[in-house]
Number of protein chains: 2
Amino acid sequence: MSYNILSLDNLIDQFAMIPGVGRKSAQRMAFYIINLSFEDAKIFSDAIIDAKKRIKKCKICQNISDTDECSICLSKTRDKSIICVVQDPKDLLAFERTGEYNGLYHVLHGLISPLDGVAPEDLSIKELLLRLSDETVKEVIMATNPTIEGEATAMYISKLIKPLNIKVTRLAYGIPVGGNLEYADDLTLNRALEGRCEI
Amino acid sequence: MSYNILSLDNLIDQFAMIPGVGRKSAQRMAFYIINLSFEDAKIFSDAIIDAKKRIKKCKICQNISDTDECSICLSKTRDKSIICVVQDPKDLLAFERTGEYNGLYHVLHGLISPLDGVAPEDLSIKELLLRLSDETVKEVIMATNPTIEGEATAMYISKLIKPLNIKVTRLAYGIPVGGNLEYADDLTLNRALEGRCEI
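Small disclaimer: the values here were computed from a predicted structure and weren't measured.

Asks: If you had to explain the packing of aromatic side chains to someone new, which residues and values would you point to?
Replies: What the rule picks out here adds up to eight aromatic pairs over all chains. Each ring, one from phenylalanine 44 of chain A and one from phenylalanine 15 of chain B, has its centre 5.2 Å from the other, and the planes form 90°; the classification is edge-to-face. Of the two residues, phenylalanine 44 of chain A sits in helix α3 (residues 38-54) while phenylalanine 15 of chain B sits in helix α1 (residues 6-16), which places them in two different chains. Across the pair, exposure class does not vary: phenylalanine 44 of chain A and phenylalanine 15 of chain B are buried alike. Among the aromatic residues, those joined into a ring-pair cluster are Phe95, Tyr101 and Tyr105 of chain A.

Take a look at the structure:
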């Protein structure tokens with residue numbers, strides 16, 4: 001059952017196309033828009049066009065940026081000998097939040113997933129290999145998610161990098177800090193045991 | 001921590017202002033927009049402006065409509081002697097979905113709530129009383145939500161209508177169909193007992 005108001009149904013459809021937004025939530029959002037002042041609705045509408053117009057991928061690391069090269073790649077204080085490979089900009093931000101990592105990044109914009117029709121060519125792997133062609137980079141950290149697709153992508157890329165004589169590492173697996181052993185899954189516990197170190 | 005990309009942060013802010021949308025969800029939505037083609041982003045942006053431009057309130061029942069008077073108020077087959085008063089257009093749609101109700105509606109666009117600063121003047125009560133001034137309407141059904149604000153609003157309006165010699169009714173309280181007595185709250189059970197009828 002729809003409202004039979006074309007412009008409203010249309011707006012609900014647009015919101016409902018956002019992944020993770022159901023029909024009910026889309027309705028709620030459309031009503032929020034309708035109850036805005038015209039000026040505020042215009043600001044919302046312009047923000048969409050503006051973001052879409054300005055945001056592009058950094059030529060070097062493929063992270064989103066409103067300049068040709070992003071501020072991390074251009075930074076003079078960053079350690080250019082190490083590249084952390086992540087799935088998407090949100091993961092990059094997670095590392096930046098820690099404030100501990102001072103190297104560069106490379107954003108893949110996805111993971112290899114034959115079931116979803118994502119092939120290696122669809123990711124920015126070519127661009128990564130290009131960055132490794134001079135001898136600046138000494139280490140590549142594979143920081144994809146610890147899922148089947150994340151692991152497969154990390155393996156695929158590390159096999160391509162190995163011949164270049166560059167160290168390839170991956171994030172440590174283990175019990176999350178503050179986590180509870182009782183609720184840890186078997187695989188994580190196994191990995192934590194395997195990766196144990198002396199204290 | 002933000003992305004330090006003005007247009008992206010701006011878009012995230014816009015999504016995050018929608019009630020019920022948190023920062024993380026807003027980020028996800030903004031990324032959905034960025035990954036759209038420019039044409040699709042334009043369609044989304046236009047849908048907002050278009051809905052805002054076209055949708056107004058029906059002059060009679062105050063329901064949202066893209067015409068001056070909505071299709072329900074204009075319908076020749078509707079029973080014009082009965083008005084169902086609801087909080088918002090979503091509630092109206094819920095009744096329409098049943099296909100059982102054939103009267104008219106009146107949409108209040110809110111409930112009286114002193115804590116939230118919503119006074120009776122902020123609702124379309126004036127417009128409702130105006131509709132009751134000729135002798136067409138024989139019954140007004142108060143179909144506000146069974147919450148404190150909903151009850152208070154129903155009481156307030158019914159006191160205004162009583163002197164006009166029009167029947168004022170409210171929805172029946174009771175156990176929801178398919179519900180479980182074990183999990184029904186005390187108040188609902190009490191109301192269901194009070195409202196019991198012979199079989």
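Moving on from the model shown.
Asks: A description of the environment of isoleucine 82 of chain B should follow, citing residues and the corresponding values.
Replies: Residue and element names in this part refer to chain B. For isoleucine 82, the location among the structural elements is in strand β3 (residues 79-86). Isoleucine 82 sits 58 residues away from valine 140 along the chain, and the two C-alpha atoms are 5.8 Å apart. Discounting residues that sit within four places of it in the chain, isoleucine 82 has contacts with Tyr101, Gly103, Leu104, Glu139 and Ile141.

Asks: Would you mind going over a positive patch on the surface in detail, with residue names and values included?
Replies: Residues Lys24 and Arg28 of chain A together with Lys90 and Arg97 of chain B make up a contiguous surface patch of positive charge. For the positive patch, the secondary structure elements donating two or more residues are α2 (23-34) of chain A together with α5 (89-98) of chain B. Position of arginine 97 of chain B among the secondary structure elements: in helix α5. On the basis of relative accessible area, arginine 97 of chain B is assigned to the partly exposed category, the value being 47%.

Asks: Tell me about the pairing of strand β3 (residues 79-86) of chain A, and please be specific about residues and values.
Replies: Strand residues, when the strand is regular, have side chains that alternate between the two faces of the sheet. Residue and element names in this part refer to chain A. Two elements, β3 and strand β4 (residues 103-107), share five bridges in a ladder whose sense is parallel. Note on β4: the bridge partner recorded for isoleucine 83 is leucine 104. In this view, the connection linking β3 to its parallel neighbour β4 by way of helix α5 (residues 89-98) has right-handed handedness. Judged from the four bridges that link them, β3 and strand β5 (residues 139-142) form a sheet pairing that is parallel. Pairing of cysteine 84 across the sheet is with isoleucine 141, part of β5.

Asks: Please set out unusual backbone geometry residue by residue, giving values where relevant.
Replies: Across residues other than glycine, the phi torsion is negative in most instances, and most of the peptide bonds are trans. Even without being a glycine, glutamine 62 of chain A presents a positive backbone phi close to 70°. Relative to the elements of secondary structure, glutamine 62 of chain A occurs in the loop between β1 (56-57) and β2 (64-65). Positive phi values are uncommon outside glycine, yet histidine 109 of chain B reaches one of about 60°. For histidine 109 of chain B, a relative accessible area of 24% translates into the label partly exposed.

Asks: Could you give me a rundown of the relation of the copies chain A and chain B, with the residues and numbers involved?
Replies: With an RMSD of 0.1 Å, chain A superimposes on chain B once it is rotated by 180° and translated 0.0 Å along the axis. Overall, the copies show the geometry of a two-fold rotation axis. Scanning chain A for the C-alpha nearest the rotation axis identifies serine 45 of chain A, at a separation of 2.3 Å.

Asks: Would you mind going over the sheet that holds strand β5 (residues 139-142) of chain B in detail, with residue names and values included?
Replies: Where strands meet in a sheet, backbone hydrogen bonds hold them as pairs that are either parallel or antiparallel. Residues and elements named next belong to chain B. One open sheet holds the four strands; their spatial order is β4-β3-β5-β6, and the pairing between them is parallel. Edge positions in the open sheet fall to β4 (103-107) and β6 (167-170), since each of these has one partner strand only. Pairwise comparison of adjacent strand axes, ignoring direction, gives a mean angle of 25° for this sheet. Here α5 sits on the sheet and contacts β3 and β4; the angle it forms with β4, its principal contact strand, is near 160°.

Asks: Give a detailed account of the interface of chain A and chain B, specifying residues and quantitative values.
Replies: Taken together, the contact pairs 48 residues of chain A with 48 residues of chain B. Summed over both partners, the interface of chain A with chain B buries about 4,600 Å², with 75% contributed by carbon and sulfur atoms. On the surface where chain A and chain B come into contact, there are zero salt bridges. On inspection of chain A and its partner chain B, the count reaches seven residue pairs in polar contact (both at pLDDT 80 or more). Secondary structure elements with two or more residues in the side of chain A that touches chain B: α1 (6-16), α2, α3, β2 and α5 of chain A. Top contributing element to the side of chain A that touches chain B by residue count: α3 of chain A, with 14 residues. Residue composition of the side of chain A that touches chain B, grouped by class: 29 nonpolar, nine polar and ten charged.

Asks: With reference to specific residues and values, describe the sheet that holds β4 of chain A.
Replies: Residue and element names in this part refer to chain A. Strand order in the open sheet made by the four strands is β4-β3-β5-β6, with parallel pairing throughout. Lying at the two open borders of the sheet, with one neighbouring strand each, are β4 and β6 (167-170). Ignoring which end each strand starts from, the neighbouring axes of this sheet average 25° apart.

Asks: Go over the layout of surface pockets with me, naming the residues and quoting the values.
Replies: Residue and element names in this part refer to chain B. Here the largest pocket defines a volume of roughly 480 Å³. Elements that contribute at least two residues to the lining of the largest pocket include exactly α5, α7 (148-161) and β6. Broken down by element, the residue count for the lining of the largest pocket peaks at four residues, all from α7. Residues belonging to the lining of the largest pocket are distributed by class as follows: eleven nonpolar, five polar and four charged.

Asks: Explain α7 of chain B to me, and be specific about the residues and the numbers.
Replies: Residue and element names in this part refer to chain B. Its 14 residues place the ends of α7 20 Å apart at the C-alpha level, agreeing with the 20 Å of an ideal helix rising 1.5 Å per residue. All of the buried residues in α7 are Gly150, Thr153, Ala154, Ile157, Ser158 and Ile161. The arc that holds every buried residue of α7, seen down its axis, measures 130°, which confines them to one face. Away from the buried face of α7 by more than 90 degrees, exposed residues Ile148 and Lys159 are located.

Criteria and cut-off values
- Numbering of residues begins from 1 in every chain and follows the order in which that chain's sequence is written.
- Here the convention is simple: chains get letters from A, ligands get numbers from 1, in the order in which they are written.
- Where totals are concerned, whole chains, interfaces and linings use all residues; where local detail is concerned, this predicted model gives features only for residues with pLDDT of at least 70, and gives and counts side-chain atom pairs only at 80 or more.
- In computing side-chain properties, one takes all heavy atoms of the structure into account and sets aside hydrogens as well as water.
- In this analysis, rings of Phe, Tyr and Trp, with Trp reduced to its six-membered ring, are considered paired at centre separations within 6.5 Å, and the interplanar angle assigns stacked below 30 degrees, edge-to-face beyond 60, and tilted for intermediate values.
- Helix and strand definitions here come from DSSP, where helices need a minimum of 4 consecutive H or I residues and strands a minimum of 2 consecutive E residues; each element is numbered from the N-terminal end.
- To sort residues, take the accessible area from a 1.4 Å probe on protein chains only and compare it with the maximum for the residue type: under 20% means buried, over 50% means exposed, and anything in between is partly exposed.
- When checking whether two residues touch, look at their non-hydrogen atoms; a contact exists if any pair is within 4.5 Å.
- Exposure above 30% relative accessible area and the absence of a salt bridge qualify a residue for a patch, where like charges join within 9 Å and nonpolar side chains (Val, Leu, Ile, Met, Phe, Trp, Tyr) within 5 Å.
- For the accessible areas, the method is Shrake-Rupley and the probe is 1.4 Å, while residue cover comes only from the protein chains on display.
- Any Lys or Arg side-chain nitrogen located within 4 Å of an Asp or Glu carboxyl oxygen qualifies as a salt bridge.
- Counted as positive: Lys and Arg. Counted as negative: Asp and Glu, with His and the chain ends omitted from the count.
- Where a charge lies is defined by one atom per residue type: Lys uses NZ, Arg uses CZ, Asp uses CG and Glu uses CD.
- Any two strands with at least two DSSP bridges between them are considered paired.
- Looking down the strands as they point away from you, a crossover is right-handed if its path from the first strand over the helix to the second goes clockwise.
- Superposition of the copies was done by least squares, using only C-alpha atoms of residues whose pLDDT is at least 70 in both.
- Between N-to-C directions, angles cover 0 to 180 degrees, with each direction set by a line fitted to C-alpha atoms, over the stretch in contact for helices.
- By buried area we mean the combined loss of accessible area, with a 1.4 Å probe, across both parts when two parts are placed together.
- Here a polar contact is recorded for every N or O atom pair within 3.5 Å, except that within protein the pair must consist of a potential hydrogen donor and a potential acceptor, and residues adjacent in sequence are included only if both atoms are side-chain atoms.
- Asp, Glu, Lys and Arg are counted as charged, while Ala, Val, Leu, Ile, Met, Phe, Trp, Tyr, Cys and Pro are counted as nonpolar; the rest, among them Gly, fall into the polar class.
- Of the two site types, the cavity is a set of points on a 1 Å grid over the protein atoms alone where a 1.4 Å probe fits but cannot get out, and the pocket is an open set with protein on both sides within 12 Å along at least five of seven lines, each lined by residues with an atom within 4 Å of a point.
- Grid points are joined across faces, edges and corners, and a volume is the space filled by probe spheres set on the points.
- Here a helix's expected span is defined as the number of its residues, less one, multiplied by 1.5 Å.
- Throughout, the arc means that of the directions going from the helix axis to the C-beta atoms.

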